[in-house]
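Descriptive analysis of the structure
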Amino acid sequence: MRYTRASVPEDQRYLASTAVIMSELIKTLVCMIVLYMMPAAHQRSLSRLATLLQREVVVNWRESSKLALPAFLYLIQNNLQYVAATNLDAATFQVTYQLKILTTAFFSVVILKRSLNRLKWCSLALLTFGIGLVVLPKDASLAAIAYFTGETEPEIVSDVPSTSVGNQSNMEGFMAVLMACVLSGLAGVYFEKILKAPVKQPNAGDEESKAMMKDEDNDSLRSPQGHSPQEDTTAAQSQLWIRNIQMSFFSVLLGLIFVVLMQDGATIAEKGFFVNYTCLTWVVILIQAFGGLIVALVVKYADNILKGFATSISIILSSLVSVWLFNFVLSGSFVLGAIFVIYATYLYGL
Ligand code: C5P
């Protein structure tokens, strides 16, 4: 994302607002494909899918309107990420963005009434600190050591990449990333609350939903409500994809109104929606779309706090792969940070 934004002059940059909308549309498409494939092969049909979507998004508008808030929060968060990635160097952005681990824990306690004992809070603080060290670039950590020991090492300090790319405004970038942390925690936890609410079963006459869940071999195992265990599981599974479609619906709607039209309307009218798109822009859009779907799966089957641990460990693993693939050199701060992250994970599991 940073490469596609900061390495080109401002007048040749693609519009972040349209990229966010395209990610949402791709997510919706993937969710629709999954929902389409969910019933047995002989029961799949586009009209069945269309009826299901119409019911879930339009008829069932009370349920789907609950997704407007997280959609709105994520929309701002996604746009702020582009602001931050444009104005801060990638490492500073990554380090400060880890504060979202703590904002997520805070909102999990306040909104989901989850109780975290002192050990868990300590492990979360250690995780944040550890992952901050892990993503700190080697040059920056050496510069920090030189600063605190009073040594001036011009070679090292001048190497810090933050000064090397144009298009930057550190203050704006910092404010954006801090806001993004708060929104990440709030939106994630609110989405989790909706996703984990008990699944509403379809009404007797609701043929499409029943077809999505039908399993005639399971009659002997039906629950008191008349649903087989497989029906209950499939209903829960399809909810995840329906929720994502509902949320994307609002993201696209709000994004088109507030960001695309109000912010970039004039540019789009003059140069087009896909102005300055390149292959790499599409790669960023796909990563955002699939990343978003993976986040939804993690939130559904684990929780937002565990997502923080998962992403931290993934950063370490991908750095280790970079040693082999790109000759990435591990710094002392990386190894120390990795030890903190692993220890924090162990502590959290106690
Ligand atoms: O940085 P953080 O982990 O909060 O980012 C979560 C990302 O996942 C956001 O970009 C958000 O748009 C995306 N997301 C999604 N669909 C969901 C939940 C989150 O695309 N259902």
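In what follows, the structure referred to is the one given above.
Below you will find a few notes about this structure.

What counts and what doesn't
- Residues numbered from 1 in each chain as written.
- Predicted model: local features only at pLDDT ≥ 70, side-chain atom pairs only at ≥ 80, totals over all residues.
- Heavy atoms only, no water.
- Salt bridge = Lys/Arg side-chain N within 4 Å of Asp/Glu carboxyl O.
- Helix = DSSP H or I, 4+ residues; strand = E, 2+ residues; numbered from the N terminus.
- Buried < 20%, exposed > 50% of the residue type's maximum accessible area, 1.4 Å probe, protein only.
- Near = heavy atom within 4 Å.
- Polar contact = N/O pair within 3.5 Å; in protein donor to acceptor, adjacent residues only side chain to side chain.
- Areas by Shrake-Rupley, 256 points an atom, 1.4 Å probe, with all protein chains shown as cover.
- Patch = residues over 30% accessible without salt bridge, like charges linked within 9 Å, V, L, I, M, F, W, Y side chains within 5 Å.
- Core = buried A, V, L, I, M, F, W, Y, C linked by side-chain atoms within 4.5 Å.

1. A closer look at the pattern of salt bridges
Taken as a whole and assessed by the stated rule, the structure comprises seven salt bridges. K27 is paired through a salt bridge with E24; the nearest N and O atoms lie 3.4 Å apart. In this pair, K27 and E24 both sit in helix α2 (residues 16–37), three residues apart, roughly one turn of the helix. Of the two residues examined, K27 and E24, each falls in the buried class.

2. Here we look at the site of the ligand
The environment of the ligand is formed by 14 residues, the closest being K27, N78, Y97, S184 and K307. Between the ligand and the protein, one listed contact pairs an oxygen atom with a side-chain N or O atom of K100 at 2.8 Å. Isolated, the ligand exposes 470 Å² of accessible area, and the fraction of that covered by the protein chains is 92%. Sorting the residues of the shell around the ligand by element identifies α5 (68–87), α11 (170–195), α13 (229–271) and α14 (279–301) as the ones contributing at least two each.

3. Description of a nonpolar patch on the surface
Judged by side-chain polarity, L69, F72, F249, L253, L256, I257, F258, L261 and M262 come together as a nonpolar surface patch covering roughly 830 Å² of accessible area. Every element with two or more residues in the nonpolar patch is listed here: α5 and α13. With seven residues, the top contributor of residues to the nonpolar patch is α13. Tracing the backbone shows F72 in helix α5. Residue F72 is classed as partly exposed on the basis of its relative accessible area of 34%.

4. As for the side chain of N304
Examined against the element boundaries, N304 turns out to sit in helix α15 (residues 304–326). On the basis of relative accessible area, N304 is assigned to the buried category, the value being 3%. Side-chain polar atoms of N304 contact the side chain of E192, separated by 2.8 Å.

5. Topic: the nonpolar core
Of all hydrophobic cores here, the largest spans 33 residues; its most connected members are L35 and F191. Where this core is concerned, the elements lending two or more residues are α2, α3 (46–59), α5, α6 (90–97), α11, α13 and α14. When residues of this core are assigned to their parent elements, the largest contribution, nine residues, is made by α11. Membership of the second largest hydrophobic core comes to 19 residues, among which are L127, I131, I316 and V341.

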